[in-house]
Amino acid sequence: SEIGSHNCQSVSLPVCQSVSLSVCQFVSSTMPPTSAPHPLDIAILGTRGVPANYGGFETFAEELSTRLVKRGHRVTVYGRSHFVPRSPGEYRGVRLRVLPCIRQKYLDTVTHTALSTLVALFSSHQVLLVCNAANAFLCALPSLAGQKVVLNVDGIERQRKKWNSLGRWVYRLGEFLSTVLPDQVIADALVIQEYYEQEYGFRARFIPYGALVGRTEATGTLDRLGLTPGDYVMYVSRLEPENNAHIVMEAHTRSGAPQPLVVVGDAPYSRDYIARLKRQAEGKNIVMPGAIYGEGYRELLSHCRCYVHATEVGGTHPALIEAMGAGCLVIVNDTRENREVLGEAGLIYRFNDPDSLAALIRRVCCSSEGFESYKTQAQERVSRCYDWESVVDKYEQVFRELVARG
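Residues numbered from 1 in each chain as written. Predicted model: local features only at pLDDT ≥ 70, side-chain atom pairs only at ≥ 80, totals over all residues. Heavy atoms only, no water.

Caption draft 1: Structural view of the overall build of the chain. A count of helices and strands for the chain gives 14 helices and 15 strands. Counting only contacts in the chain whose residues sit at least 6 apart along the sequence, the fraction spanning at least 24 positions is 71%. Total accessible area computed for the chain in this model is approximately 16,000 Å², and 52% of it derives from carbon and sulfur atoms. (Helix = DSSP H or I, 4+ residues; strand = E, 2+ residues; numbered from the N terminus. Contact = heavy atoms within 4.5 Å. Areas by Shrake-Rupley, 256 points an atom, 1.4 Å probe, with all protein chains shown as cover.)

Caption draft 2: Summary view of the packing of helix 7 (residues 245-255) against helix 8 (residues 271-281). Their axes nearest at 10 Å, the elements helix 7 and helix 8 cross at an angle of 5 degrees. With respect to helix 8, the element helix 7 is oriented roughly parallel. For the pair formed by helix 7 and helix 8, the contact residues are A245, H246, M249 and E250 on the first element and Y273, R276, L277, Q280 and A281 on the second. (Axes fitted to C-alpha atoms, helices over the stretch in contact; angles between N-to-C directions. Parallel < 35°, antiparallel > 145°, perpendicular 65-115°, else oblique.)

Caption draft 3: Region of the structure containing the packing of helix 4 (residues 165-178) against helix 5 (residues 190-200). Direction vectors running N to C along helix 4 and helix 5 enclose 90 degrees, while the axes themselves pass 11 Å from each other. Looking at the two axes, helix 4 sits roughly perpendicular to helix 5. Here R172, E175, F176 and S178 of helix 4 come into contact with helix 5, specifically with Y195, Y196, E199 and Y200.

Caption draft 4: Summary view of the environment of C385. Structurally, C385 can be placed in helix 13 (residues 372-385). Looking at C385, the relative accessible area reads 0%, which means it is buried. Once the C-alpha coordinates of C385 and A211 are considered, the two residues, 174 residues apart in sequence, prove to be 9.6 Å apart. (Buried < 20%, exposed > 50% of the residue type's maximum accessible area, 1.4 Å probe, protein only.)

Caption draft 5: Looking closely at the pairing of strand 6 (residues 127-131). Counting buried residues along strand 6, five of its five residues qualify, which places the element largely inside the surrounding structure. Of the two faces of strand 6, the one holding V127, L129 and C131 and the one holding L128 and V130 are both buried throughout. In this sheet, strand 7 (residues 148-152) lies alongside strand 6 in parallel orientation, the contact comprising five bridges. Residue pairing across strands places V130 opposite L151, the latter belonging to strand 7. (Pairing = 2+ DSSP bridges.)

Below you can see the structure in the form of structure tokens.
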């Protein structure tokens, strides 16, 4: 009922060892110097904006943009008016361009990115970094203004349960257009790179997400929620069905663990699912504080007994590498993407199996001994494979190569 990542080779997943090695070999490969005499004008489109207050792409946009600014580049992040304030028009040196969109599940992202792309055409941007394969159809327009386009395709979005048949078709079309229209395509996981090669005969460029390494001793958020350091189980994600909060909650209840489960997250277009989760949590040892960002989020990661990562769709999930960077004992759902990130640095439960997860939660909550090495390995792996400065090196190199082509 439980699978440790040290049993990796006994599972029929061919990328298990080779991908883990490849990620680290890639990030540690020799790079040109990051300092350069000619700053670039870069725009980031397709996210909800910065400062990050939603998900992985927003954290990515904040970390990448602020670090590029520190290197002397001019960076603009286009944000959505219902997520970030219109003023001030700058955040940690990053220029903010806040625009409206149609606030509807199927139109939110594409309408905002379409408007952002039109505005960007009349700007001084040399390179546009567009996030999300659904926006691929827009990647041909910037060439009219002599701008280069880099597209981060994220995971295989059409597999998400929230999309109807039309939504899945749009994402399928976006995948194909991603191989045709941008100047460069980025895959954040080797598994996603492999998918595009097998499905379309197209090789994307692999650049992972990054994370910080370190803990915080602050406990203000724990005090507010009535939590004891080292004595709760943590889960965090957007509360959407394919992220499997319901399975984690069921497993925690089955485990009989005395430590509470803290379910952190929210989602703007999943009200029915969230209402279902709240009903499931009634009378159980489960805390649902909603979305928590910044220092409060770091506090919860730093002091949890273990962190459960239950996603089944996507590439490299920032929440997972953030938990590893904070030195959490990590328990992950058995997917190729999650195995790629985790390597040997945590525990793995059978795919979407609440009994397997319950057994691991019970084991971890009954004894804290025997797991410290996983925490150390997790932080070491993030330092080697998911260092933010190395990630920014890679993006900066891509941007400079494209601009140099003229």
